[in-house]
Amino acid sequence: MLEILNVSGLATIQDPGRMGWRKFGVPVSGPMDPLALRAANLLAGNTTGAAVIEIGAGEIELRALQDCVIATAGAGFSCSVNVWDFPLWDSCFVRAGWKIQLNRSGFGMWAYLAVAGGFEVQEILGSRSTYLRGKFGGRDGRLLQAGDLLRSGEPARPLMDLAARSMQAQARPLYGENPTLDVIPGPQMDRFDDKNMEIFLSNSYKASHSSDRMGYRLAGPRLAHIGSADLTSEGLTMGAVQVPADGQPIVMMADCATAGGYPKIAAVISADLPLLAQCTPGRDSVHCQETTVQAAQEKYRALMERIMNGIVPFQGSDFA
Amino acid sequence: MKASLVPFGDSALLVKFGDEIDLSTNQRVQALDALLSANPHQGFIESVPAYATLLVIYDPLIVTHTQVSDWVRMEMERSLEGLSRKPRRIRVPVRYGGEDLDFVALYHHMSTREVVRIHTSREYTVYMMGFTPGFAYLGKLDDAIATPRLATPRTRVEAGSVGIAGAQTGIYPIASPGGWRILGRTSLQLFDLAADPPFLFSPGDLVSFVSEGIDA
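Residues numbered from 1 in each chain as written. Chains lettered and ligands numbered in written order. Predicted model: local features only at pLDDT ≥ 70, side-chain atom pairs only at ≥ 80, totals over all residues.

With that settled, consider the interface of chain B and chain A. The interface is formed by 37 residues belonging to chain B together with 32 residues belonging to chain A. Looking at the side of chain B that touches chain A, the elements that each hand over two or more residues are β1 (4–7), β2 (12–16), β3 (44–49), β4 (53–58) and β6 (124–129) of chain B. Counting residues per element, the side of chain B that touches chain A draws most heavily on β3 of chain B, at five residues. Of the residues that constitute the side of chain B that touches chain A, the class distribution is 24 nonpolar, nine polar and four charged. (Contact = placed C-beta atoms within 7 Å. Helix = DSSP H or I, 4+ residues; strand = E, 2+ residues; numbered from the N terminus. Nonpolar A, V, L, I, M, F, W, Y, C, P; charged D, E, K, R; others polar.)

Spelled out as structure tokens, the structure:
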């Protein structure tokens, strides 16, 4: 069991997301950076479906109420346990009574804290993910707050086997400022002519301040539609790039609605969504380049394979 | 129109049956949704039926786009006629007299009683769900009372509000912002996590409104 002592920003319980209910209008929710969530669970010896803490735009301090192993991943934070500092993408043993802190540090927006055994909150519609707007999932459908006690399940292996492990640097996503994102054009290619596709692919678009868990708004050269900007509503997924009437693209993120009525010029590929998620709104710009579905799926499988095979004994610092 | 399959990123594909709001098109969408869900391919996650399209979502770590396309095409070669599940009929009691009932009556130069008579006089199909959990898009509304959305959406529409927008009608399952014209309220709960199933409606269901009176 862990107790939250202090917390600010967007701290929620998330698992890979609420699948199977989109046809009833229930968003997936789940992590902004799915690869980091998966890595944190792997380091903690959990199944990939276990629930973790996601923290963004704030900081969190917890106290362990029993001996446990924690693991972290993501970007933009550093971790300290008792008197030691650890980079993210490590697991470590935490003795009962020790404090754990995740503090803002360097490039990035979202970090994940897993505990061996996973956080145990009630499953709602088959998932432990928090859906803030719907006020359900995670901890009573709300942000985590000071005083919350979070119970964990049974670790998969003895704690000492799970502690002091790292994800190799070369296995992690290549996070960085102003990333280039691979995108797959469509599905509304008939709503954008070659000239506007060229504008979208040859310019940088800045992540705007009005970005959140639902979507990242991009600001840059205006994109014009062929005909109207209205579309008969159809299903949406994370990564879809909608272009409303104002011509400024919006990339759908974890809490996006299940359907939308704006034409989509492209979709950001799964392997590169973490690079976008970790951009700082108001500071970072993205540049999109075209790829194919086949190349995107191969890139995603390769990245996932590196993460699945990337665990090594603790290396003590962030050297590659 | 012949259906087409287009990639939607690297983990979904979109089956387009058309681009209009049309009952026979929507029935083909619902039929394919039922077919895919009943015989899921390995790596299939879920499908999302909309007015004229079906979004098929899969796990690219398990299957490729080509495998999913082949599967969907093969399933589509089966007859989609008569394959949708039997729709349920749901009657929704409504206390009319919502914020916009007077406006809708004025807009169409008729009495509020006439608006209510027209709204309750046909059976609507759940074309799709979305917007918020449990929100059902019902159609088609009689042209005689079809009314544009509010120019500026309200920041809060109460749960149970029955509204119209263009040729659609619907009910707000939870309090949320919204721009539909509100005609009345129902006491039915559309979304209840304690219930099984938690949603009153499913895509394809048939819904009719029953007046419980008109408040002045």
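Residue and element names in this part refer to chain A. By the criterion of burial, helix α1 (residues 34–43) is predominantly enclosed, with 10 of the 10 residues buried. Burial in α1 covers these residues: P34, L35, A36, L37, R38, A39, A40, N41, L42 and L43. Directly after α1, the chain includes G45, whose backbone phi takes a positive value near 75°. (Buried ≥ 20, exposed ≤ 12 C-beta atoms within 10 Å, placed from the backbone.)

Before going further, it helps to examine the domain arrangement of chain B. Residue and element names in this part refer to chain B. When the domains of chain B are assigned, the result is domain 1 (4–77) and domain 2 (89–214). Each of domain 1 and domain 2 has a C-alpha centre, and these two points are 29 Å apart. Contacts between the two partners involve seven residues from domain 1 and, on the opposite side, eight residues from domain 2. With three residues, the top contributor of residues to the side of domain 1 that touches domain 2 is helix α1 (residues 23–38). Taken together, the residues of the side of domain 1 that touches domain 2 sort by class into five nonpolar, two polar and no charged. (Domains from an automatic or database assignment.)

Bringing the environment of E212 of chain B into the picture now. All names here are of chain B. Relative to the helices and strands, E212 is located in strand β13 (residues 206–214). Sequence separation between E212 and V92 is 120 residues; the distance between their C-alpha atoms is 9.8 Å. Residues within four places of E212 in sequence aside, it is in contact with P93, V94 and R95.

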